[in-house]
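If you want the building blocks of each chain, they are given just below.
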Amino acid sequence: MERIGVDCRFEANGRVRVRRIRMGETWHTVAQGRQWQDTSGRHVLVMLAGERIAELLLSAEDLTWRLVMRPRQTIL
């Protein structure tokens, strides 16, 4: 998992609206998918440029964001 910067808004109902993420020194606009919460923290699926799917995790343990890249899937 990679630590990153996240530009987002927290809504009154607990949901997160992610606008963009920072990897290194560069900000990337993302499209947001579904989100859920479990004992690990808040998970948000996002799509990066090039249709790469990733999962953002706001850790319940230390309240830091982490990025988990998802493997590309081939559609048959």
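Scoring rules and cut-offs
Counting starts from 1 at the beginning of each chain's written sequence and moves along it residue by residue. Note on the predicted model: pLDDT of at least 70 is required for a residue's local features to be given, and 80 or more for side-chain atom pairs to be given and counted; whole-chain, interface and lining totals, by contrast, use all residues. The basis for the side-chain values is all heavy atoms of the structure; hydrogens and waters are excluded. The pairing criterion is simple: DSSP has to find at least two bridges between the two strands. To qualify as a helix, a DSSP run of H or I must reach at least 4 residues; to qualify as a strand, a run of E must reach at least 2; elements of each kind are numbered from the N terminus. We call a residue buried when its accessible area falls under 20% of the maximum for its residue type, exposed when it is over 50%, and partly exposed in between, using a 1.4 Å probe and counting protein chains only. The contact criterion used is simple: two residues touch if any of their non-hydrogen atoms lie within 4.5 Å. Inter-axis angles, ranging from 0 to 180 degrees, are taken between N-to-C directions of lines fitted to C-alpha atoms, where helices are fitted over the stretch in contact. Throughout this description, the term nonpolar core refers to a set of buried Ala, Val, Leu, Ile, Met, Phe, Trp, Tyr and Cys residues connected via side-chain atoms within 4.5 Å. By salt bridge we mean one thing: a side-chain nitrogen of Lys or Arg within 4 Å of a carboxyl oxygen of Asp or Glu.

Below, the discussion takes up the pairing of strand 3 (residues 16–23). Two elements, strand 2 (residues 5–10) and strand 3, share six bridges in a ladder whose sense is antiparallel. When the bridges of strand 3 are listed, F10 appears paired with V16. Between strand 2 and strand 3, which pair antiparallel and follow one another directly, the connecting turn spans five residues, one of which, G14, has a positive phi of 95°. Relative to strand 4 (residues 26–29), strand 3 runs antiparallel, the two sharing four bridges.

This part takes up the environment of R20. As for its placement among the helices and strands, R20 is situated in strand 3. We classify R20 as partly exposed; its relative accessible area is 31%. Remark: the alpha-carbon pair of R20 and G5, spanning 15 residues in sequence, is separated by 8.5 Å. In contact with R20, other than residues within four places in its own chain, are G5, V6, D7, W27, H28, T29 and V30.

We now examine the sheet that holds strand 2. Pairing is antiparallel in the open sheet, where three strands are placed in the order 2-3-4. Sheet topology places strand 2 and strand 4 at the edges, where each strand pairs with a single neighbour. Direction aside, neighbouring strands of the sheet carry axes that sit 25° apart on average.

Burial of nonpolar side chains together is a common tendency in soluble globular proteins. Among the nonpolar cores identified, the biggest contains 15 residues, and I4, V6, V18, I21, L56, W65 and L67 are the most heavily contacted of them. Only strand 3, strand 6 (41–48), strand 7 (52–59) and strand 8 (65–69) provide two or more residues apiece to this core. Per-element accounting of this core gives the leading share, four residues, to strand 3. Ignoring any residue separated from it by four or fewer positions in sequence, one finds I21 in contact with I4, G5, V6, T26, W27, H28, V30, L48, L56 and L67.

Counted by the stated rule, this structure contains five salt bridges. Across the pair R20 and D7 runs a salt bridge, and its minimum N-O distance is 2.9 Å. Of the two residues, R20 sits in strand 3 while D7 sits in strand 2, which places them 13 residues apart along the sequence. The exposure class assigned to D7 is buried, which follows from its relative accessible area of 18%. In this structure, R9 and E11 form a salt bridge, with 3.3 Å as the shortest nitrogen-oxygen distance. With a relative accessible area of 53%, R9 lands in the exposed category. Using a relative accessible area of 24% as the deciding quantity, one classes E11 as partly exposed.

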